[in-house]
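This is what each chain is made of:
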Amino acid sequence: MQNNEMSELPNGFFDGMKDIMKVIVDTSLMCCHLTKEDAQCTALYDDSFASCESMFRDSAPRKSIWAIGILSLLGAVFVIVWRLIFKERNVVQLIMLMHLAVGDCLMGVYLVTLGAKDLLWSGSYYLHDFQWRSGLSCQVTGAISVLSSEVSVMVLALISADRLKNIVFPYHGRGLTRRKAHILCAIIWVLSFVIAFLPSVALATFMTP
């Protein structure tokens, strides 16, 4: 059964094969369909990350993803609420920090989404693996993580450049204004959005017959 066009196996695929003794399949998750105890299943590709029951074979990533995801969400929401209530004089810095918090919040959304999917399919992940990884929801979730990373890095670079200018060259030219800060942050979001979602759009275009 190896090297064929079957990307996934339906549930109960091997149930009627009582005399089967050995199976060679493309991925280790396909072996999860083989419930005959004395049958041998060999996979050409061993998925070292996922298992038959869970998206995460080890419990450490499963627990960490919830902890980091929830902390990211709570931390980002706290920063946004705090900055909205207690506004500081440096409006430019406030604008950039708000955009940074929103970017970090998206990473929390990404991690919690993965944790929720793992919890939803707990015990039978192998039945949903292919549909999940090849589906739109997985692509969007992955793009959100890239979007969050790109926005965070670019906004941090912008904040660093602004601090560098104000500290090292305080009297050389004008610093960022509120309008310039909004424009630069908008450019960052557009660029990050293109970087994050363009691969998914291009892949869908090439896969369309």
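Residues numbered from 1 in each chain as written. Predicted model: local features only at pLDDT ≥ 70, side-chain atom pairs only at ≥ 80, totals over all residues. Heavy atoms only, no water.

A. Focus on the overall build of the chain. If you tally the helices and strands in the chain, you get 5 helices and 2 strands. Overall, the chain shows an N-to-C arrangement of helices and strands of β-β-α-α-α-α-α. Expressed as a percentage of its 209 residues, the buried residues of the chain come to 32%. Once local pairs closer than 6 in sequence are excluded, the contacts in the chain between residues at least 24 apart make up 56%. On the chain, roughly 13,000 Å² of surface is accessible, and the fraction owed to carbon and sulfur atoms is 66%. (Helix = DSSP H or I, 4+ residues; strand = E, 2+ residues; numbered from the N terminus. Buried < 20%, exposed > 50% of the residue type's maximum accessible area, 1.4 Å probe, protein only. Contact = heavy atoms within 4.5 Å. Areas by Shrake-Rupley, 256 points an atom, 1.4 Å probe, with all protein chains shown as cover.)

B. Looking closely at the pattern of salt bridges. Across all of its chains, the model carries 3 salt bridges by this definition. Linking R133 and D129 is a salt bridge whose minimum nitrogen-to-oxygen distance equals 2.7 Å. Here D129 and R133 lie together in helix α3 (residues 129–134), a separation of 4 residues that amounts to about one turn. Look at D129 and you get buried, because its relative accessible area is 6%. The partner of D162 in a salt bridge is R163, with the nearest N and O atoms 3.0 Å apart. (Salt bridge = Lys/Arg side-chain N within 4 Å of Asp/Glu carboxyl O.)

C. Here's a closer look at helix α1 (residues 59–85). If you check α1, its first and last C-alpha atoms are 39 Å apart, about what 27 residues at 1.5 Å a residue would give, namely 39 Å. Residues of α1 that are buried include every one of I65, G69, A76 and I80, and no others. Taken together, the buried residues of α1 touch α2 (91–120). (Expected span 1.5 Å × (residues − 1).)

D. Structural detail: the environment of L127. Relative to the helices and strands, L127 resides in the loop between α2 and α3. We classify L127 as partly exposed; its relative accessible area is 28%. For L127 and L29, which are 98 residues apart along the polypeptide, the C-alpha to C-alpha distance reads 8.7 Å.

E. Representation of the UniProt feature "transmembrane region" (unreviewed entry) in the chain in the model. When the UniProt feature table is mapped onto this chain, "transmembrane region" (unreviewed entry) is found at residues 65–85, 97–116, 136–160 and 181–207. Helix makes up 100% of residues 97–116 and strand makes up 0%, while its end C-alpha atoms are separated by 28 Å. Annotated as 100% helix and 0% strand, the span residues 136–160 places its first and last C-alpha atoms 36 Å apart. (UniProt positions renumbered as here; feature names shortened; annotations may be inferred.)

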